[in-house]
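Structure assessment
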Amino acid sequence: MSDTNTTKQAGEEETQQAIDAVLSQIDLTKITQHDVYHDIMRTLQETSFKFVLAAKLMEHIFVRDGVFQTKEQEDEPRKD
């Protein structure tokens, strides 16, 4: 067995333990499909916002560091 498989299995076991820990604290007799759906949609919305924000931040960093040029910078005459 390679180190990659061992690491992957350890990650899967850790994930399963986390899931089991959460499930043990939920009253499964009272939770509804709507509750689960609502939680998934909220999590997706929050995650999507974080991805968009991260992309915008990276864009600003790239412009700041001169990796990309803004439209205004492209329109300026070259100084050399």
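Report follows, based on the coordinates. (Residues numbered from 1 in each chain as written. Predicted model: local features only at pLDDT ≥ 70, side-chain atom pairs only at ≥ 80, totals over all residues. Heavy atoms only, no water.)

When its secondary structure is counted, the protein chain shows three helices and zero strands. Along the protein chain, from the amino end to the carboxyl end, the secondary structure elements read α-α-α. Of the roughly 7,800 Å² that the protein chain leaves accessible, carbon and sulfur atoms contribute 58%. (Helix = DSSP H or I, 4+ residues; strand = E, 2+ residues; numbered from the N terminus. Areas by Shrake-Rupley, 256 points an atom, 1.4 Å probe, with all protein chains shown as cover.)

Let's shift gears to a nonpolar patch on the surface. The grouping of Ile19, Val22, Leu23, Ile26, Leu28, Ile31, Val36, Tyr37, Ile40, Met41 and Leu44 at the surface amounts to a nonpolar patch, some 960 Å² of accessible area in total. Listing elements by their share of the nonpolar patch, those giving two or more residues are helix H1 (3-23) and helix H2 (33-64). Broken down by element, the residue count for the nonpolar patch peaks at five residues, all from H2. By the element assignment, Leu28 lies in the loop between H1 and H2. Residue class for Leu28 comes out exposed when judged on its relative accessible area of 53%. (Patch = residues over 30% accessible without salt bridge, like charges linked within 9 Å, V, L, I, M, F, W, Y side chains within 5 Å. Salt bridge = Lys/Arg side-chain N within 4 Å of Asp/Glu carboxyl O. Buried < 20%, exposed > 50% of the residue type's maximum accessible area, 1.4 Å probe, protein only.)

Here H2 is 32 residues long and its end C-alpha atoms lie 46 Å apart, about the 46 Å a rise of 1.5 Å per residue gives. Gly66 sits one or two positions beyond H2 and adopts a positive phi of about 80°. (Expected span 1.5 Å × (residues − 1).)

We now examine the pattern of salt bridges. Applying the stated criterion to the full structure yields four salt bridges. One salt bridge connects Lys30 with Asp27, and the closest N-O pair in it is separated by 3.9 Å. A relative accessible area of 38% means that Asp27 is categorised as partly exposed. Salt-bridge contacts for Glu59 lead to Lys56; the nearest nitrogen and oxygen are separated by 3.5 Å. Of the two residues, Glu59 and Lys56 are both situated in helix H2; the distance of three residues between them amounts to about one turn of the helix.

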